[in-house]
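Architecture and fold: a report
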Amino acid sequence: MKSHTHYLWFNTKQRQEIIDVTDEVAEQVRASGVQEGLVLVSAMHITASVFVNDHESGLWADILKWLEETVAPWDPGRYRHNETGEDNADAHLKRQVMGREVVVAITGGKLDLGPWEQVFYGEFDGRRDKRVLIKVIGE
């Protein structure tokens, strides 16, 4: 079995952003030489997420608005976690909802995604260095 590891680094300009990483993941699958297997894409920070959805800017805005208004608004005085001197409890909660990682099948040396599906990095407490693990395994 083959294994290939790569890291993506992010330092977003905004506190919250969604970034399409599908092309970078596909490139690492190609570089691995794996024809049949799996690729794990995992956010390696507790205030960020990786998820699969549609690449449509209106949907991205809807997701960020839903997270901010319904799931966990940025309101430092609201959360006990912020009593430690942090102000990012909302980002931890948003990550819980959006998920830590995705696993995508590799078939014929390519990502086996459904129609409209893309892989995204969700940043909820940005403006500092963060990384994402891409781990390809298979034959």
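Our subject is the structure listed above.
The following refers to the structure shown. What you are looking at is a predicted structure, and each value in this text was computed from that prediction instead of being measured.

Cut-off values and rules
Residues numbered from 1 in each chain as written. Predicted model: local features only at pLDDT ≥ 70, side-chain atom pairs only at ≥ 80, totals over all residues. Heavy atoms only, no water. Axes fitted to C-alpha atoms, helices over the stretch in contact; angles between N-to-C directions. Helix = DSSP H or I, 4+ residues; strand = E, 2+ residues; numbered from the N terminus. Parallel < 35°, antiparallel > 145°, perpendicular 65-115°, else oblique. Left-handed = near helix turned anticlockwise from the far one by under 90°. Contact = heavy atoms within 4.5 Å. Nonpolar A, V, L, I, M, F, W, Y, C, P; charged D, E, K, R; others polar. Pairing = 2+ DSSP bridges. Phe/Tyr/Trp six-rings, centres within 6.5 Å; stacked < 30°, edge-to-face > 60°. Buried < 20%, exposed > 50% of the residue type's maximum accessible area, 1.4 Å probe, protein only.

Running from N to C, helix H2 (residues 57-71) and helix H3 (residues 89-98) cross one another at 120°; their axes reach a closest spacing of 11 Å. By the angle class used here, H2 and H3 are oblique. Viewed along their axes, H2 and H3 form a crossing whose handedness is right-handed. Counted together, Ile-63, Trp-66, Leu-67, Glu-68 and Val-71 of H2 and Asp-90, Leu-93, Lys-94, Val-97 and Met-98 of H3 form the full contact between these two elements. Classifying every residue of the contact of H2 with H3 gives seven nonpolar, no polar and three charged.

As a further point, take the sheet that holds strand S1 (residues 2-10). Pairing is antiparallel across the open sheet formed by five strands, whose spatial order is S1-S8-S3-S5-S6. Taken across any chain shown, the strands that pair with only one partner, and hence form the sheet edges, are S1 and strand S6 (110-111). Sheet analysis places strand S5 (residues 101-107) next to S6, joined by two bridges and oriented antiparallel. The partner of Thr-107 across the bridge, within S6, is Lys-110.

Scanning the entire structure with this criterion turns up three aromatic pairs. With a centroid separation of 4.3 Å and an interplanar angle of 5°, the aromatic rings of Phe-10 and Tyr-121 are classed as stacked. In this pair, Phe-10 sits in strand S1 while Tyr-121 sits in strand S7 (residues 117-123), placing the two residues 111 residues apart along the sequence. Of the two residues, Phe-10 and Tyr-121, both sit in the buried class. Ring-pair connections join several aromatic residues into one group, and the members of that group are Phe-51, Trp-60 and Phe-120.

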